[in-house]
Amino acid sequence: MNVVIGLEVHVQLATRTKLFCGCRADYFAAPPNTLTCPVCLGMPGALPVPNRKAVEYALRVALALGAKVQKNSRFDRKNYFYPDLPKGYQITQREVPLGVGGSLTFHTDGEERTVRIRELHLEEDAGKLIHTEKGALVDMNRCGVPLVEIVTEPDLRSPREARDFLRALRTLLRHMRVSGGDMEKGELRCDANVSISQDGGLGTKAEIKNLNSFRAVERALSAAAARQAALIARGERVVQVTYGWDEGRGELVLQRVKEEAHDYRYFPEPDLVPLELSSELLARVRAEMPELPWARRDRLIRQYELSPRDVDTLLADPELSDYFEQVAKGVGDGREAANWILSELLRYWREGPPVPAQELVQLILRVREGKVSRTNAKEVLEEAASSGKSLAKLLAGRALEQVSDEAELRRLAQEAIAAHPQAVADFRAGKTQALGFLVGQVMRKTKGRANAKKLSQILRELLAEG
Ligand SMILES: [Zn+2]
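Because the structure is predicted, anything quoted here is derived from the model rather than measured.

1. Describing the sheet that holds strand β5 (residues 89–92)
Step number 1: Across the sheet, three strands lie side by side as β5-β4-β16; this open sheet has antiparallel pairing. Two strands close off the open sheet at either side, each with one partner strand: β5 and β16 (267–268).

2. A few points about the pattern of salt bridges
Step number 1: In total, this model carries 38 salt bridges according to the counting rule given.
Step number 2: A salt bridge links Arg368 to Glu336, with the nearest nitrogen and oxygen atoms 2.9 Å apart. Separated by 32 residues along the polypeptide, Arg368 in helix α9 (residues 357–368) and Glu336 in helix α8 (residues 334–345) bring together distant segments of the chain.
Step number 3: The class for Arg368 is partly exposed, based on a relative accessible area of 44%.
Step number 4: Residue class for Glu336 comes out buried when judged on its relative accessible area of 15%.
Step number 5: Where salt bridges share partners, they join Arg177, Glu291, Arg296, Arg299, Asp322, Glu325 and Lys329 into one cluster.

3. Some thoughts on helix α3 (residues 214–233)
Step number 1: Look at α3: 29 Å from first C-alpha to last across 20 residues, which is about the 28 Å you get at 1.5 Å a residue.
Step number 2: Among the residues making up α3, those that are buried are Phe214, Ala216, Val217, Glu218, Ala220, Leu221, Ala224, Ala225, Gln228 and Ile232.
Step number 3: Buried residues along α3 sit in contact with β1 (2–12), α2 (159–175), β12 (188–197), β13 (206–211), β14 (241–246) and β15 (251–257).
Step number 4: Gly235, located one to two residues past α3, shows a positive phi value of around 80°.

4. Focus on the packing of α8 against helix α10 (residues 374–387)
Step number 1: Contact geometry of α8 with α10 gives a least axis separation of 11 Å together with a crossing angle of 55°. Judged by the angle between their axes, α8 and α10 are oblique. Considering how the two elements wind past one another, α8 and α10 form a crossing that is right-handed. For the pair α8 and α10, contact is made by Glu336, Trp340, Glu344 and Leu345 and by Arg374, Ala377, Lys378, Leu381 and Ala385, respectively.
Step number 2: Its residues assigned to classes, the contact of α8 with α10 shows five nonpolar, no polar and four charged.

5. Topic: the packing of helix α14 (residues 433–445) against helix α15 (residues 452–465)
Step number 1: The interhelical angle for the contact between α14 and α15, taken along N-to-C directions, is 125°, at an axis separation of 10 Å. Relative to α15, the element α14 is oriented oblique. By crossing handedness, the relation of α14 to α15 is classed as right-handed. On α15, the residues touching Leu435, Leu438, Val439, Val442 and Met443 of α14 are Ala452, Leu455, Ser456, Leu459, Arg460 and Leu463.
Step number 2: Taken together, the residues that form the contact of α14 with α15 break down as nine nonpolar, one polar and one charged.

6. Regarding the environment of Gly101
Step number 1: Tracing the backbone shows Gly101 in the loop between β6 (99–100) and β7 (103–108).
Step number 2: By relative accessible area, Gly101 is classed as partly exposed at 23%.
Step number 3: Apart from the residues within four sequence positions on either side, Gly101 is in contact with Ala67, Ile117, Arg118 and Glu119.

7. Quick notes on the packing of aromatic side chains
Step number 1: A complete count under the given rule lists seven aromatic pairs for this structure.
Step number 2: Seen in terms of ring centroids, Tyr80 and Tyr264 are 6.0 Å apart; in terms of plane orientation they differ by 70°. Their pairing is edge-to-face. Pair noted here: Tyr80 is in the loop between β4 (76–79) and β5 and Tyr264 is in the loop between β15 and β16, with a separation of 184 residues, a long-range link.
Step number 3: Taking the centre distance of 5.3 Å and the plane angle of 75° together, the rings of Tyr323 and Trp349 count as edge-to-face. Of the two residues, Tyr323 is situated in helix α7 (residues 318–331) and Trp349 in the loop between α8 and α9; the sequence distance between them amounts to 26 residues.
Step number 4: On the basis of relative accessibility, which here comes to 3%, the residue Tyr323 falls in the buried class.
Step number 5: Overall, the relative accessible area of 10% leaves Trp349 in the buried class.
Step number 6: Through a chain of ring-to-ring contacts, three or more aromatic side chains come together here, namely Tyr80, Tyr82, Tyr264 and Tyr266.
Step number 7: Over the ring of Tyr89 we find Arg77; its NZ or CZ atom is 3.8 Å from the centre of that ring.
Step number 8: The lysine or arginine in question, Lys185, covers the ring of Phe28, its NZ or CZ lying 5.4 Å from the ring centre.

8. With respect to the coordination of the zinc ion
Around a metal, the idealised angle for a tetrahedral arrangement of four donor atoms is 109.5 degrees; for an octahedral arrangement of six donor atoms it is 90 or 180 degrees.
Step number 1: The protein atoms that coordinate the zinc ion are Cys21 (SG), Cys23 (SG), Cys37 (SG) and Cys40 (SG), at distances spanning 2.2 to 2.4 Å.
Step number 2: Going along the chain, you hit the donors of the zinc ion in the pattern C-x1-C-x13-C-x2-C. Of this pair, Cys23 sits in the loop between β1 and α1 (52–64) while Cys40 sits in the loop between β1 and α1, and the two are 17 residues apart along the sequence.
Step number 3: Judged by relative accessible area, which is 6%, Cys40 ranks as buried.

9. Some points on the pairing of β5
Step number 1: The side-chain alternation of β5 yields two buried faces, one formed by Tyr89 and Ile91 and the other by Gln90 and Thr92.
Step number 2: By the bridge criterion, four bridges tie β4 to β5 in an arrangement that is antiparallel. Bridge pairing in β5 links Arg77 to Ile91.

10. Observations concerning α9
Step number 1: The terminal C-alpha atoms of α9 lie 17 Å apart, and with 12 residues this matches the ideal 16 Å at 1.5 Å per residue to within 8%.
Step number 2: Those residues of α9 that sit buried are Ala357, Leu360, Val361, Leu363, Ile364 and Val367. Projected down its long axis, α9 shows its buried positions confined to an angular sector of 165°, all on one face.
Step number 3: One or two residues past the end of α9 sits Gly370, with phi positive at roughly 80°.

11. Looking at the nonpolar core
Step number 1: The biggest cluster of nonpolar side chains holds 79 residues, and the ones touching the most others in it are Leu7, Leu59, Leu65, Ile150, Phe165, Leu169 and Ile208.
Step number 2: For this core, the element with the highest residue contribution is α1, accounting for nine residues.
Step number 3: When sequence neighbours within four positions are dropped, the list of residues in contact with Phe165 reads Leu7, Leu104, Phe106, Val115, Ile117, Thr152 and Leu156.
Step number 4: Counting residues in hydrophobic clusters, the runner-up holds 35 residues, among them Tyr323, Phe324, Ala338 and Tyr348.

12. A short note on the environment of Glu408
Step number 1: One can find Glu408 in helix α12 (residues 406–419).
Step number 2: Spatially, the C-alpha atoms of Glu408 and Ala450 are 9.5 Å apart, while their sequence positions differ by 42 residues.

Rules used throughout
Residues numbered from 1 in each chain as written. Predicted model: local features only at pLDDT ≥ 70, side-chain atom pairs only at ≥ 80, totals over all residues. Heavy atoms only, no water. Pairing = 2+ DSSP bridges. Helix = DSSP H or I, 4+ residues; strand = E, 2+ residues; numbered from the N terminus. Salt bridge = Lys/Arg side-chain N within 4 Å of Asp/Glu carboxyl O. Buried < 20%, exposed > 50% of the residue type's maximum accessible area, 1.4 Å probe, protein only. Expected span 1.5 Å × (residues − 1). Contact = heavy atoms within 4.5 Å. Axes fitted to C-alpha atoms, helices over the stretch in contact; angles between N-to-C directions. Parallel < 35°, antiparallel > 145°, perpendicular 65-115°, else oblique. Left-handed = near helix turned anticlockwise from the far one by under 90°. Nonpolar A, V, L, I, M, F, W, Y, C, P; charged D, E, K, R; others polar. Phe/Tyr/Trp six-rings, centres within 6.5 Å; stacked < 30°, edge-to-face > 60°. Lys NZ or Arg CZ within 6 Å of the ring centre and 35° of its normal. Donors = N, O, S within 2.8 Å, 3.2 Å for Na, K, Ca; no water. Arc of directions from axis to C-beta. Core = buried A, V, L, I, M, F, W, Y, C linked by side-chain atoms within 4.5 Å.

Below, the structure is given as structure tokens:
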């Protein structure tokens, strides 16, 4: 028995405006029903106009996946009643989608896997229903927001693989700069089909709708596959079903048992001419393609001598990869830059860098020149990153310059020796840890600014002189 999974992924394109009107598309934090117009509200007589940027973004995704671009695609009407789509139909591409074929290669459990893409097309999103105790509220802000839907062939073989595929796809979308790919914000959503194949044939599939986290994808698919396997083990018939997923309870929610296909009465959208892509447009989109993440992965490993694991962490977010390259160039050392960013800064990274790249460069350079101790530098960096205060100002405001002056260190060492005769006696009796105690005393006095290496050398000399 084999698990067979296929995905339909909906990606929200990060265009400024919606797919067929001039309304702003960044609805996430906007008050309900403030980003609407007659076109996206489906008022009679209002006519759609395609968003050129959305077409270009979808093309970028098609090219990145190696899909065949159909130069003459078209929009279709998918008719249905939905309370959050007042037009009573969705404009999508069914008969002639923008791209067909292609594939995505990714890593799962240390192995390389390739999943074929069946097709990808542009479509508009619906609004949102918000269920309250008093009833359902509707917010139309999302109506008409551009989506690209990517449909895979049923090539995935486990829930974990489906999750890893989706992660790799998100990395690609982010690097193509076409979507934030944030599942929590609904920028990346996915419907999944799962079936159990016996003797190589395809089984009856279960569909799970609207999965909106990587964890939900893996858990819901595991639950659906287990349910089917149990039916088969008991000798029962598997029927086609559609589930939702309750993440809080970790349970599948049966939505419908499907006996017949829905008739959406698709027909060519009469308000739009077919989408004709000129050779000039295609050439420009090709020329403007950002570096593909797998190409960038190879380059970062080679150019900066980083481990594949560190590079994968940096690549998860293209802003982070850019930031790394700025810092690496600024300090002239990729490994050192990666070290600071991954071990000290990453945990404060939210939407963007907590500290400007140039300020981090200055800090690393001062540590390298011995002007600031590593310990103090980490402290200041942490304060700047967690509080949002300027790193440059914190550095200027605090006495951090490392004490490396030979005479000054000698004076401090002599003071410590005079103040702690017991430690001196212990050291001379062979208890070497007493040296650490004396170093610690000087560090306390200088608030960590003494150059520890030079200091212990001087202390050793003075103690040996006796
Ligand atoms: Zn509108």
